[in-house]
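Observations on the model geometry
Each chain, written out:
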Amino acid sequence: MDGMTLPAPTIGARRSADAPRGWLAVLHDWVVTVDHKRLGILYVVTAIGFLVVAGLEASAIRLQLAWSNLHILSPGTFNRLFTMHGTTMVFLVGIPFVFGFGNYLVPLMIGARDLAFPRLNAFGFWILLFGGVLLHFSVIGGEGLYGAGSAPAVGWFAYAPLTERAFSPGNATDYWNLALLVTGLGTIATAVNLLVTILTMRGPGMTLGRMPVFVWEMLTISALTLIILPPLSAAQIMLMLDRFLGAHFFDTQAGASAVMWQHFFWFFGHPEVYVLALPGFGFASEIIPVFSRKVLFGYATLVMASAGIGLVGMGTWAHHMFAVGMGSPLNSAFAASTMLVGVPTGVKLFNWLGTMYGGKIRFETPMLFCTAFLFQFLCAGLTGIMLGVVPFDWQLHDSYFVVAHFHFVLIGGLIFTLFGAIYYWFPKATGRMLSERLGHWHFWLFVIGFNLTFLTMHVPGMLGMARRIYTYPAGRGWEVWNLVATLGVPFQAIAVLIVIVNVVVSVRHGVPAGDDPWDAWTLEWATSSPPPPYNFAVLPVVSSRRPLWDLKHPDDPDAPHE
Amino acid sequence: MSSAGMTEPASVNPVWRGRAGMICLLVAEGSLFAIFVVAYLFYIGKSLSGPYPKDVLELPLFNSFCLLSSSVTVAFATRALRRGRMRRSGGWFLVTLALGVVFLIGTAREWYRLIVAHGLTIATNLFGTTFYAVVGLHATHVSLGVLVLALLSVLAFSGALRPEQVERADLAAWYWHFVDGVWVVVFIVVYVVGR
């Protein structure tokens, strides 16, 4: 091991070298950086910042809904809050988390020096950040000519014709449109970058079949992004033409279709869920084997399941539209494809369970989060299958049951594994461990708070509570459920506060981690913590899916067993 | 397990880095165009008022001939570059550029006629909306290609472009072929199916 790691300056050492130059010089270094590791960290820090903003918005929403007939927020403010919450969480939290970890980990995992196009990578990050700033600038600049609105209030999927000039005057909707067009450009650029890196820059012996599953997931979602994000951009360009040049793409008065935007949006919006969830599966596929002390069970099926989810996932979008009257043939086709996409997802659950089965499991914080993920994501999958049944969807469409479902998908699928990933890879990025004690507090508070809020939320949905209503009358039996859901918020807020404190404190005062604190097997643990700017001075030749196992156990290499 | 030292791993071919990047870009572009084409196809015959395509659209045959033949001339240009014949290469890049400009002038004349003679703008009806969007998006891509071709011509004539850089010029040619390919689709959808 020591022969491979480098006598390289660590980030800590560089910081002390930077110290006399002052914070301005350090800031300058971070702003002009094209290093994938620094950009990865910038992405994740950006995501955490927007997570706090969108989390506060959600807290305000929950406060307003805690009991019947509350008037803490005005209806207009409520609309703006759920629009900004949804938009921010998807485009400025989920996407930068996913592409930030991809940025940091993919080159290290495949033994590359950097991404294929480092400057394009920096462009992708900064344009995403400025897109996010533009979206939030709407709070100040969205007033427009008619004094209507400040932040956009059209929902995160911004259905046209609601977004047409006639129904959404002012500039708020244009901020939504332009900001997402711009962040989308950055996301496409980064997806191209990751695809090219994975396809052309793998280290010696790193065949496709030996790549870590996380890299496979990033390959899948980058390809998916290339196909699904331009349609959103196209639809947004159309909307812009409508709003600024008087075109009629979504103008029903001129004979246009009222559901065309929905088709275009969901052709992006549904696969986008997989873009956010598959990297979560990637985190779990890296963490669960290491903490079960076993080889991942069914590598090939897991990889094929990801590709299957990517392919089938592009043909399920209209299950968001069962209630618009597409007719039975289309409804049935999309119900069938929705059922179908559950199959590869189910395969993956058995991969992870099979990995844990008979393993010597260590329940440290990353593994705690991944174990909880299995349960939470199973719930999400089951309610997903239920909503894929057309008549069931008609009953519960646009209800809090749906809201509960997709929060289980995105929090259960992405955020749980992502918290695990933060505890797992933080030592690699900083050279210091996060506190396990705080980690356990974070985990239990978050699990309790999440289930108080979102498990409970299924019930008012089934009792008929529609989403996006700003308040509701008494006597429908919704109050207690909503109160419990709101009571879950402080648990989650404190949990997020704990992880932020943990990160801030541990980055300076954490226990030194060493290069390979978890006794793991993938290439990123073969270099120092934090890795030097050039990642590897000497690359090991990879001959199996666990190059570090081979290195630690030359008497029992993996290759003959694969 | 052994160490490979500092040598570049065998699987990495720097040429393919650029090629893969261009292919990815073109896939994304294709997806962008596909949505505009779908919108055009879906709105054929749905305009509530005139002018309608059959009344005002003429087949842009000369225009199409120019653009499609420019795919051949750009191939001549990169072939000459590969063989180190710089002036010839620059010349073919210039011819390609000229054909692209002729195409753009043709589009401008067509739009002028539609707007002034027939009163068709992007705000007139669904046909105008989808027509200007699709043809305009394509023309934007042609304009971008023309800029790249102008750059390549200048570089070739000034001697800054060298034969060993042909792989990069090839990427520009791929983009140009893609723009041509999209025109075939646009031509069929707008001027054949939609008329």
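Residues numbered from 1 in each chain as written. Chains lettered and ligands numbered in written order. Predicted model: local features only at pLDDT ≥ 70, side-chain atom pairs only at ≥ 80, totals over all residues.

Structural notes on the overall build of chain B
Worth spelling out the cut-off: Helical segments are the DSSP runs of H or I of at least four residues, strand segments are the runs of E of at least two, and each set is numbered from the N terminus. Note on method: radius of gyration uses C-alpha positions; expected globular size equals 2.2 Å times residues raised to 0.38. Burial in this document is a count-based property: other C-beta atoms within 10 Å of a residue's C-beta are tallied, and the residue is buried at 20 or more, exposed at 12 or fewer, or partly exposed in between, with C-beta positions derived from the backbone. It is the C-beta atoms, placed from the backbone, that decide contacts: two residues are in contact if theirs lie within 7 Å.
Each helix and strand in chain B was counted, giving six helices and zero strands. Taken from N to C terminus, the helices and strands of chain B fall in the order α-α-α-α-α-α. Scaling as 2.2 N^0.38, a compact globule of 195 residues should have a C-alpha radius of gyration of about 16 Å, whereas chain B reaches 20 Å, well beyond that. The principal-axis extent of the C-alpha atoms belonging to chain B is close to 70 × 45 × 20 Å. Among the 195 residues that make up chain B, the fraction classed as buried is 37%. Here the contacts in chain B between residues at least 6 apart in sequence split such that 84% fall between residues at least 24 apart.

Quick notes on the environment of Pro161 of chain A
Residues and elements named next belong to chain A. With respect to the secondary-structure elements, Pro161 resides in the loop between α5 (118-141) and α6 (172-200). Residue Pro161 is classed as buried on the basis of its C-beta count, with 21 C-beta atoms lying within 10 Å. Spatially, the C-alpha atoms of Pro161 and Thr252 are 7.4 Å apart, while their sequence positions differ by 91 residues. If sequence neighbours within four positions are ignored, Pro161 has contacts with Phe167, Phe250, Asp251, Thr252 and Ala258.

Considerations on the packing of helix α8 (residues 260-292) of chain A against helix α9 (residues 299-313) of chain A
All names here are of chain A. The following threshold applies: Note on definitions: angles span 0 to 180 degrees between N-to-C directions of axes, and those axes are lines fitted to C-alpha atoms, for helices only across the stretch in contact. Orientation is classified from the angle alone, with under 35 degrees giving roughly parallel, over 145 giving roughly antiparallel, 65 to 115 giving roughly perpendicular, and any other angle giving oblique. Asp, Glu, Lys and Arg are counted as charged, while Ala, Val, Leu, Ile, Met, Phe, Trp, Tyr, Cys and Pro are counted as nonpolar; the rest, among them Gly, fall into the polar class.
Packing of α8 against α9 leaves a shortest axis separation of 10 Å and a crossing angle of 170°. It follows that α8 is roughly antiparallel to α9 by the angle criterion. Note on element contacts: α9 touches α8 through Leu302, Ser306, Ile309, Gly310 and Gly313, opposite His270, Pro271, Tyr274, Leu278 and Ser285. Within the contact of α8 with α9, the residues separate by chemical class into five nonpolar, five polar and no charged.

Focus on the interface of chain A and chain B
Listed as interface residues are 39 residues of chain A and, on the opposing side, 33 residues of chain B. Those elements that provide at least two residues to the side of chain A that touches chain B are α6, α7 (213-245), α8 and α16 (547-552) of chain A. Per element, the largest residue contribution to the side of chain A that touches chain B is 10 residues, and it comes from α7 of chain A. Residue composition of the side of chain A that touches chain B, grouped by class: 29 nonpolar, eight polar and two charged.

Quick notes on helix α13 (residues 400-430) of chain A
Residue and element names in this part refer to chain A. The cut-off we apply is this: To get the bend at a given residue, fit one axis to the seven residues ending there, fit another to the seven starting there, and take the angle between those axes.
Along its length, α13 shows its largest kink, about 40°, at Tyr424, and proline Pro427 lies within four residues downstream of that point. Across the 31 residues of α13, 30 count as buried, placing the element largely inside the fold. Just downstream of α13, Gly431 is the residue with a positive phi angle, here 80°.

A word on the nonpolar core
Residue and element names in this part refer to chain A. To be explicit about the condition: By our criterion, buried Ala, Val, Leu, Ile, Met, Phe, Trp, Tyr and Cys residues that link up through C-beta atoms within 7 Å make up a nonpolar core.
Core analysis: the largest hydrophobic core is formed by 218 residues, its most contacted members being Leu195 and Val215. Tallying contributions element by element places α13 first for this core, with 21 residues. Beyond its immediate stretch of four places on either side in the chain, Val215 contacts Val106, Met109, Ile110 and Ile198.

Observations concerning the packing of helix α4 (residues 75-110) of chain A against α8 of chain A
Residue and element names in this part refer to chain A. The line we're drawing: Crossings are classed by handedness, with left-handed meaning an anticlockwise turn of the near helix from the far one by less than a right angle and right-handed meaning a clockwise turn.
Between α4 and α8, the shortest axis-to-axis distance is 10 Å and the interhelical angle comes to 45°. As far as their axial angle goes, α8 and α4 are oblique. For α4 against α8, the interelement crossing comes out left-handed. Here α4 contributes Val90, Gly94, Val98, Phe101 and Gly102 to the contact with α8, which in turn contributes Glu272, Val275, Leu276 and Pro279. Residues belonging to the contact of α4 with α8 are distributed by class as follows: six nonpolar, two polar and one charged.

These figures come from the coordinates and say nothing about function on their own.
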